[in-house]
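# Residue-level structure breakdown
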Amino acid sequence: MADLENKESTQVKETAAEAIRNSRGQGKLRQFVLWMAALVIGAVLGWLHIPALNELFDFIAAVFTRLFQFIAIPTVSLAVITTLSMLGAKKNTGRIFGHAVVYTLLTTIAAAAIGLGLFLWIAPGNLPLDVIGAGATQVPEKLGKLSYYDHFLSIIPNNILQPYLTANVLSVMLISASVGLAFAFMPKTENREAVLKVLFGFQELLFTLIRGLLYVLPIGILAFAAQLSAQIEAGVIVGALGKYTAVVIGGNLIQFFIVLPLFLLARGLNPITVFKKMSPAVAVALFTKSSAATLPVTLASAETNLKAHPAVARFVLPICTTINMNGCAAFILVTSLFVMQNAGIELTMGTMIAWLFIAVLAAVGNAGVPMGCYFLTLSLMSSIGAPIGLMGVILPIYTIIDMIETAENVWSDASVCAMVDHDLEGTLDDENFDDTSMQAI
């Protein structure tokens, strides 16, 4: 009799679990349809170029951008601190980090190499000197005087609050990694556990806020799509730099649709399946133009949809947000070569190969914020005395480039996370990682 009751109880639980899974599947389908509808409707409304509507859409887009920025920095910080506090003294940390760095370097080098190949094949020509001179007026004066050393010096914080107040992602990562490792190696006292309990509580609170933000995200997608459509209709992102633009965007698209899927296939993963599960993050990245701002959605998608191990997702994704910049590496390389070519600098094969690795290292040190690659390239060109006026010419078309780059960066982050999770499947400890807060998203 008891066995029969246990069997019936098990069947009831399995039926309930199946119902929940079906409900979640239907909910995700409805969400996808809603997002696509918002994308199409927004594009149509933006193309109509109605001033009052465009003003409203600009306001809504600004609100959502600020909301993502508001939640991104604490999400990055807490994810790194809590993960390292649990992993720091364990062998898991080195294995996860090692796999992430290897895949990051391989994908980033591949992206830069593709950019170089397209640059040699399409061979964009030089621009007239008067165009370059006119472009100099578009470059903010203080940015024209930045050096690469200034970029790295800005990463080192001189107080604990400034990086959080100014949204300096690399500085926040440095502080968070230090605090997380300090928790990992400090004695396991009651005070340590009490502070960690508070931090985990804040993390659950952030996940709840993320859930609310995702709920109203279709409104933001509507506004972002309308904003982009209006810019295209007005000719803002259509310029005379056709070949240069083709090299940059073409390289990003090849990396997005061919190279990264090949990496996934080589590790035994289905790229279409991975992309479907991570598509919310890629969509948000396309419109926010910030890997850091997209991180909350990337984490939620990785743990809830991709079912990545929390230890992997919460460690790899924040790290990749700052060091895994496929699109940025390609942009830095192609733009640097284009600017140097216009400056009359001889581009030998040795010079181009050297700049390929410079671009990869620069991309690793770039912050995942809007226009981060542009400002970093400007710093590099300024440091070698190249004509930065050309950067002003590029600026009007950088909007679309930045969108595609960011989407590619987040897709690369997701791919690296999926590959690391696949490589380490079944070898990581499950203790101390309660993923119930993410499951609710």
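Residues numbered from 1 in each chain as written. Predicted model: local features only at pLDDT ≥ 70, side-chain atom pairs only at ≥ 80, totals over all residues. Heavy atoms only, no water.

Attention now moves to the overall build of the protein chain. Scanning the protein chain from terminus to terminus reveals 19 helices and zero strands. Counting across all 441 residues of the protein chain, residues that qualify as buried make up 51%. Taking contacts inside the protein chain between residues at least 6 apart in sequence as the whole, the part at least 24 apart equals 85%. Carbon and sulfur atoms form 68% of the exposed surface of the protein chain, whose accessible area is close to 20100 Å². (Helix = DSSP H or I, 4+ residues; strand = E, 2+ residues; numbered from the N terminus. Buried < 20%, exposed > 50% of the residue type's maximum accessible area, 1.4 Å probe, protein only. Contact = heavy atoms within 4.5 Å. Areas by Shrake-Rupley, 256 points an atom, 1.4 Å probe, with all protein chains shown as cover.)

With that settled, the discussion passes to unusual backbone geometry. Its identity is not glycine, yet His 49 carries a phi of approximately 55 degrees, on the positive side. Mapping His 49 onto the fold places it in the loop between α1 (2-47) and α2 (51-87). Take His 49: its relative accessible area is 39%, and that puts it in the partly exposed class. Of note, Lys 307 is a non-glycine position whose phi angle comes to about 60 degrees, a positive value.

Turning our attention to the pattern of salt bridges. Between side chains of opposite charge, pairing is possible as soon as their charged atoms come close. Here the structure, examined in full by the defined rule, presents three salt bridges. For Arg 192, the salt bridge goes to Glu 193, with nearest N and O atoms at 2.6 Å. Residue classification places Arg 192 among the buried positions, given a relative accessible area of 3%. On the basis of relative accessible area, Glu 193 is assigned to the partly exposed category, the value being 39%. Of the charged contacts in the structure, one is a salt bridge between Arg 314 and Glu 303, with a shortest N-O distance of 2.7 Å. Linking Arg 314 in helix α13 (residues 310-323) with Glu 303 in helix α12 (residues 291-305), this pair joins segments that are eleven residues apart in sequence. Overall, Glu 303 belongs to the buried group, its relative accessible area being 3%. (Salt bridge = Lys/Arg side-chain N within 4 Å of Asp/Glu carboxyl O.)

With respect to the helices, strands and loops of the structure, Leu 378 is situated in helix α16 (residues 372-383). Exposure remark for Leu 378: the relative accessible area of 0% places this residue in the buried category.

Looking at where Thr 406 falls in the secondary structure, it is placed in helix α18 (residues 398-423). For Thr 406, the residues in contact, after removing those within four places along its chain, are Ala 285, Lys 289, Ser 290 and Ser 291.

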